[in-house]
Each structure stands twice: as C-alpha cells, then as structure tokens.
Amino acid sequence: MAHVGLTGLNEFKQHFTSVRPTLFRVSIQKPQGEFFPNFLSGKEGDIYFYCKAASLPASNLGEIEVGFMGRKFYEHGDRTFDPFDVTIYNSQDFAIRSWIELWMDQMNTHENNTQPYTLKPEVGHCSGINLSGNNSSYYGYHLDLRVDQLDRRNNVIYSYMFVNAFPTKCGEISLDYTATDTIEEFPVTFRYQYWTAI
C-alpha cells in the first residue's frame, strides 16, 4: 500500500522546522551627507536594541476584472506596498525619538511648512547640500531599512530591505499616573519605494 502523508511525531520532526516571532532585528542605514546632522552620534545602530515590534511585509498585487459573456476573467494588476510600522521603546535620552522627529522636521518644518533642504536656485544649493544637476542630494532624506529574521542561534535566515524609506508618523507616548510596571514606547510609520527579499 502506498504511503500517504505523515503518520507519527518522529516523521513529522524530520520535516518540520519553526521560526520564532521574537527573534528578529531591525537596522537602519547609517546616514550619509549633510541632510542628517550628527545628532545621534552613531546611535542609529541602537534601533536594534530599542525596536520592540516590527513585521515582515505583505506582497500585494492588484487584480483586473474583465467581463465576458456572463463570466469573469482576471489578470494581475499593479503592485502596491503597505507602510512599514515599528514600535520603539523610549530611552531616557530620547535619542531615537528625537532623531525621528528631527528627520521629519528636515523634510517639513513645524512652524513654516518649509523644507530646509529645498534647492535655492540663486546659489544652486541648500544648507550646504549641493543639488546642482544631481537629485540624489535632494532625496537625501531617504534611508534603507532592513529586517532580519533570526534562528535560535542568532543567525540570519531571511531578510527584507525597505528601499528609500522615510518616516511619515512618529506616534504619541502615553503618560499616565496609574501606568505601573511598564516602560514608554511609541509607534513609527515608514513609507518606502519598494522592498526586496535578500
């Protein structure tokens, strides 16, 4: 009689491996250029320790429905990418939160609704950033984010890179006299151009 399916735990064990949702790390590209002042003094690497929660991205393709003689024919549509959300523990020096706030402020200031890095045509540069004939500096607020899934030996088993990301929301921190046995945390939402599995 032909063998059909798994029949016992020993056989199951030979085919099954698991991955823990607690074993991950989030990293962020080290900022380059003058868009990012030397605010964190290298603490951008600390997001690895302070990132409490993240997610591996969904893969989304739209669909196009075409009617034909009472039936529906489907073909693929366009790809879209969901925002990337993380939850970060707050530290006593507010380093990561302040850096996220500064990052967003460099894109659009609170008071004047301006972009500090905007090209000044009369001088061909802004705030010391050379933009003449090169859009790469104009988009200097883009950084790559990376999420690594780890195994139980802390080895990277799968990774995603979120390309040209920037924060669109730095969430609130709740303050409460009755909030005991807990520490502060806040959500951050990033928009990016696309992700790749690496």
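Shown above is the structure to which this text applies.
The paragraphs below set out a description of the structure included in this document. From a predicted model like this one, the values you see are computed outputs, not experimental measurements. (Residues numbered from 1 in each chain as written. Predicted model: local features only at pLDDT ≥ 70, side-chain atom pairs only at ≥ 80, totals over all residues. Heavy atoms only, no water.)

## What to know about the overall build of the protein chain
Within the protein chain one finds four helices and eleven strands. Put simply, the protein chain has 198 residues, and 28% of those count as buried. With the model as given, the accessible surface of the protein chain reaches about 13700 Å², and the carbon-plus-sulfur share is 51%. (Helix = DSSP H or I, 4+ residues; strand = E, 2+ residues; numbered from the N terminus. Buried < 20%, exposed > 50% of the residue type's maximum accessible area, 1.4 Å probe, protein only. Areas by Shrake-Rupley, 256 points an atom, 1.4 Å probe, with all protein chains shown as cover.)

## Things to note about the environment of T189
Structurally, T189 is set in strand β10 (residues 185-191). Taking relative accessible area as the criterion, T189 reaches 17% and is therefore assigned buried. Considered as a pair, T189 and D85 are 104 residues apart in the sequence and their alpha carbons are 4.5 Å apart.

## A short note on the pairing of strand β5 (residues 84-89)
Bridge count for strand β2 (residues 51-53) against β5 is two bridges, and the pairing is antiparallel. Across the sheet, C51 pairs through a bridge with I88, a residue of β5. Sheet analysis places β5 next to β10, joined by six bridges and oriented antiparallel. Counterpart to V86 in the pairing with β10 is V188. (Pairing = 2+ DSSP bridges.)

## What about the environment of N90?
Take N90: it is sitting in the loop between β5 and α3 (95-107). Along the primary structure N90 and F186 are separated by 96 residues, whereas in three dimensions their C-alpha atoms are 7.1 Å apart. Apart from residues lying up to four places away in sequence, N90 is in contact with R97, I173, E184, E185 and F186. Within the local environment of N90, its side chain forms a polar contact with the side chain of E184, the two groups lying 2.9 Å apart. (Contact = heavy atoms within 4.5 Å. Polar contact = N/O pair within 3.5 Å; in protein donor to acceptor, adjacent residues only side chain to side chain.)

## Brief notes about the side chain of H142
Note that H142 resides in the loop between α4 (135-138) and β8 (143-150). Apart from residues no more than four positions distant in its own chain, H142 is found in contact with N164, A165, F166 and Q193.

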